[in-house]
Amino acid sequence: MHKIAVLPGDGIGKEIVPVAVEVIKAIAKKYSHEFEFKEALIGGAAYDETGHPLPDETLELCKDSDAVLLGAVGGEKWDSLPVHLRPEVGALLPLRKELGLYANLRPVRVFPVLADASTLKPEVVADLDMLVVRELTGGLYFGEKKKEEIESGYRVIDTLVYTTQEIDRVIRLAFELAKNRKKKLTSVDKANVLETSRHWRERATALADEYPEVELNHMYVDNCAMQFVRWPKQFDVVVTENMFGDILTDLAAQLTGSIGMLPSASIGGKVILYEPIHGSAPDIAGKDIANPLATVLSAALMLRVSFNMGEEAQVIESAVTEVLNEGYRTADIMQDGMKQVGTKEMGELVLKKIL
Ligand code: IPM
Ligand code: MG
């Protein structure tokens, strides 16, 4: 029995997660697997119900599961709460930290039929297949924060901290992943300015000796942003610190046509967390128009990585490909001549291909 914690969260999370759960259930039926789904509150929804965005029960459930499927958290309604109670800082970041998920894998693949859904020229993105490894539990998002009143207003501080150990473990992981791909690793930093980045670069260079089969290069983050849109196919595996990875992966998502297409897996601890890289999109929540495919593809990633079900994962990915090939699109990837469908209908189309 595989135990899956299901955390829909806020906004469109509540619409897309059920779609992915149905997809896993269809796979279970087809292959006679047993999954146990247990749902818990997280984010604003949890705050409204319990007074905290990450209730103890939710954390316990996650720790006690084999894998976690998360939708998204946050929304305007909770933006004015004290920072430690906000869904992002009070729930998502501590959940990653508590589960020891120090690396976030964000594969960026362009479905052939979506090559011209990107705002970039199709030849720039067609067949793109790269992997961004984002450090997830250190850096600026976890350093000490302060807001002090001074005469002219405030003095506000965020702290960017990394230890050698935190840097090494994520870079090693990226080298390992590169070994099984095209053996090219780009380490992204801002070593011309930041101390943390200078150490990051030193460590990447030192660790490269242990991976002679992988070709390592370094790139400044500002240049990397430009290279992502100029010629993304130069990249295989990219490894970078938390905030750079956050920003670069939104950028990378657009290469695939829509941020609604990008799954992710956060690893490092006993339990792996799977989530789409997009947010809760309050502006389109509750309208049945959100793209559920990033979450469906996150479910495929779960089957492959957590449960060693490569064939089953492939069945989901092929189902998504077929549905796209037949011209079905959610609003975010809609183009002339295609058939626009909503969240639920997209889910049903994928399900039909699986059964
Ligand atoms: C992401 C999101 C989160 C992050 C936010 C919601 C805290 O943008 O998963 O990329 O920055 O990690
Ligand atoms: Mg982000």
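Since this is a predicted model, take the numbers as computed values, not measurements. (Residues numbered from 1 in each chain as written. Chains lettered and ligands numbered in written order. Predicted model: local features only at pLDDT ≥ 70, side-chain atom pairs only at ≥ 80, totals over all residues. Heavy atoms only, no water.)

On to the overall build of the protein chain, then. Summing up its helical and strand segments, the protein chain has twelve helices and 14 strands in all. Taken against the 2.2 N^0.38 rule, which gives 20 Å for 355 residues, the C-alpha radius of gyration of the protein chain at 20 Å falls within 12% of a compact globule. Residues classed as buried in the protein chain amount to 53% of the 355 residues present. Taking the intrachain contacts of the protein chain between residues at least 6 apart in sequence as the baseline, contacts between residues at least 24 apart amount to 74%. Accessible area of the protein chain: about 15400 Å², with a carbon and sulfur share of 51%. The centroid of the 40 positive side-chain charges in the protein chain is displaced by 3 Å from the centroid of its 54 negative side-chain charges. (Helix = DSSP H or I, 4+ residues; strand = E, 2+ residues; numbered from the N terminus. Rg over C-alpha atoms; globule rule 2.2 N^0.38 Å. Buried < 20%, exposed > 50% of the residue type's maximum accessible area, 1.4 Å probe, protein only. Contact = heavy atoms within 4.5 Å. Areas by Shrake-Rupley, 256 points an atom, 1.4 Å probe, with all protein chains shown as cover. Lys, Arg positive; Asp, Glu negative; His and termini not counted. Charge placed at Lys NZ, Arg CZ, Asp CG, Glu CD.)

Spatially, β2-β1-β3-β12-β11-β4-β5-β10-β8-β9 is the arrangement adopted by the ten strands of the open sheet, whose pairing is mixed. At either end of the open sheet lies a strand with only one pairing partner, and these are β2 (35–39) and β9 (215–220). The average undirected angle you get between the axes of adjacent strands in this sheet is 25°. In the sheet, strand β4 (residues 103–109) pairs with strand β11 (residues 263–267) via three bridges, with the strands oriented antiparallel. Bridging from a neighbouring strand, Asn104 pairs with Ser266 of β11. Lying on the sheet, helix α1 (residues 13–31) is in contact with β1 (2–9), β2, β3 (67–72) and β12 (272–276); it crosses β1 at an angle near 160°. Set on the sheet, helix α3 (residues 56–63) makes contact with β1, β2 and β3; between it and β1 the angle comes to about 145°. (Pairing = 2+ DSSP bridges. Axes fitted to C-alpha atoms, helices over the stretch in contact; angles between N-to-C directions.)

Where strand β8 (residues 184–189) and β9 come together, six bridges link them in parallel fashion. Following the sheet pairing, Lys184 is matched in β9 by Glu215. In terms of handedness, the path from β8 via helix α7 (residues 195–208) over to β9 forms a crossover that is right-handed. (Right-handed = clockwise from strand over helix to strand, strands pointing away.)

Scanning the model with the defined rule gives 23 salt bridges in all. Where Lys77 meets Asp48, a salt bridge forms, and the shortest distance between an N and an O atom there is 2.6 Å. Placement of Lys77 in the loop between β3 and α4 (87–98) and of Asp48 in helix α2 (residues 44–50) is noted, with a sequence separation of 29 residues between them. Look at Lys77 and you get exposed, because its relative accessible area is 58%. Put simply, Asp129 and Arg181 hold a salt bridge, and the shortest N to O gap is 3.4 Å. Here Asp129 is found in strand β5 (residues 129–135), whereas its partner Arg181 is found in the loop between α6 (164–179) and β8, with 52 residues between them in sequence. Given the relative accessible area of 25%, Asp129 is considered partly exposed. Assessed through its relative accessible area of 23%, Arg181 is described here as partly exposed. (Salt bridge = Lys/Arg side-chain N within 4 Å of Asp/Glu carboxyl O.)

Moving on, we get to the environment of Leu297. By the secondary structure assignment, Leu297 is in helix α10 (residues 293–305). Each C-alpha atom, one on Leu297 and one on Gln227, is 26 Å from the other, the two residues being 70 residues apart in sequence. In this view, Leu297 contacts Phe111, Met261, Pro263, Glu317 and Val320; residues no more than four positions away in its chain are not counted.

Quick look at unusual backbone geometry now. Phi is positive for Ser32, which is not a glycine, with a value near 55°. Following the sequence through the fold, Ser32 ends up in the loop between α1 and β2. Residue class for Ser32 comes out exposed when judged on its relative accessible area of 65%. Residue Asp288 is not a glycine yet carries a positive backbone phi of 60°. Its location among the elements puts Asp288 in the loop between β12 and α10. A residue is classified by how much of its surface remains accessible, and Asp288, at 31% relative accessible area, is partly exposed.

Before going further, it helps to examine the site of ligand 1. Neighbouring ligand 1 are the residues Glu88, Leu92, Arg96, Arg106, Arg134, Tyr141 and Asp246. In this structure, Arg96 approaches ligand 1 through a side-chain N or O atom, which is 2.6 Å from an oxygen atom. Within the side chain of Arg134, one N or O atom sits 2.8 Å away from an oxygen atom of ligand 1. Coverage of ligand 1 by the protein amounts to 78% of the 320 Å² it exposes when considered alone. Among the elements that line the shell around ligand 1, the one with the most residues is α4, at three residues. Classifying every residue of the shell around ligand 1 by side-chain character gives two nonpolar, no polar and five charged. Taken together, domain 1 (1–109 + 259–355) and domain 2 (129–255) each give at least three residues to the shell around ligand 1, which thus spans both. (Near = heavy atom within 4 Å. Polar contact = N/O pair within 3.5 Å; in protein donor to acceptor, adjacent residues only side chain to side chain. Nonpolar A, V, L, I, M, F, W, Y, C, P; charged D, E, K, R; others polar. Domains from an automatic or database assignment.)

Turning our eyes to something else, we now look at the domain arrangement of the protein chain. Under the domain assignment, the protein chain is made up of domain 1 (1–109 + 259–355) and domain 2 (129–255). Taken together, the contact pairs 17 residues of domain 1 with 20 residues of domain 2. Buried surface at the junction of domain 1 and domain 2, both sides included, amounts to about 1900 Å², of which 65% is carbon and sulfur. Contact with domain 2 buries surface across domain 1, with Tyr102, Arg106 and Val108 losing the most and accounting together for 37% of the total. The interface formed by domain 1 and domain 2 holds one salt bridge in total. In this structure, Arg109 and Asp129 form a salt bridge, with 3.3 Å as the shortest nitrogen-oxygen distance. (Buried area = accessible area lost by both parts, 1.4 Å probe.)

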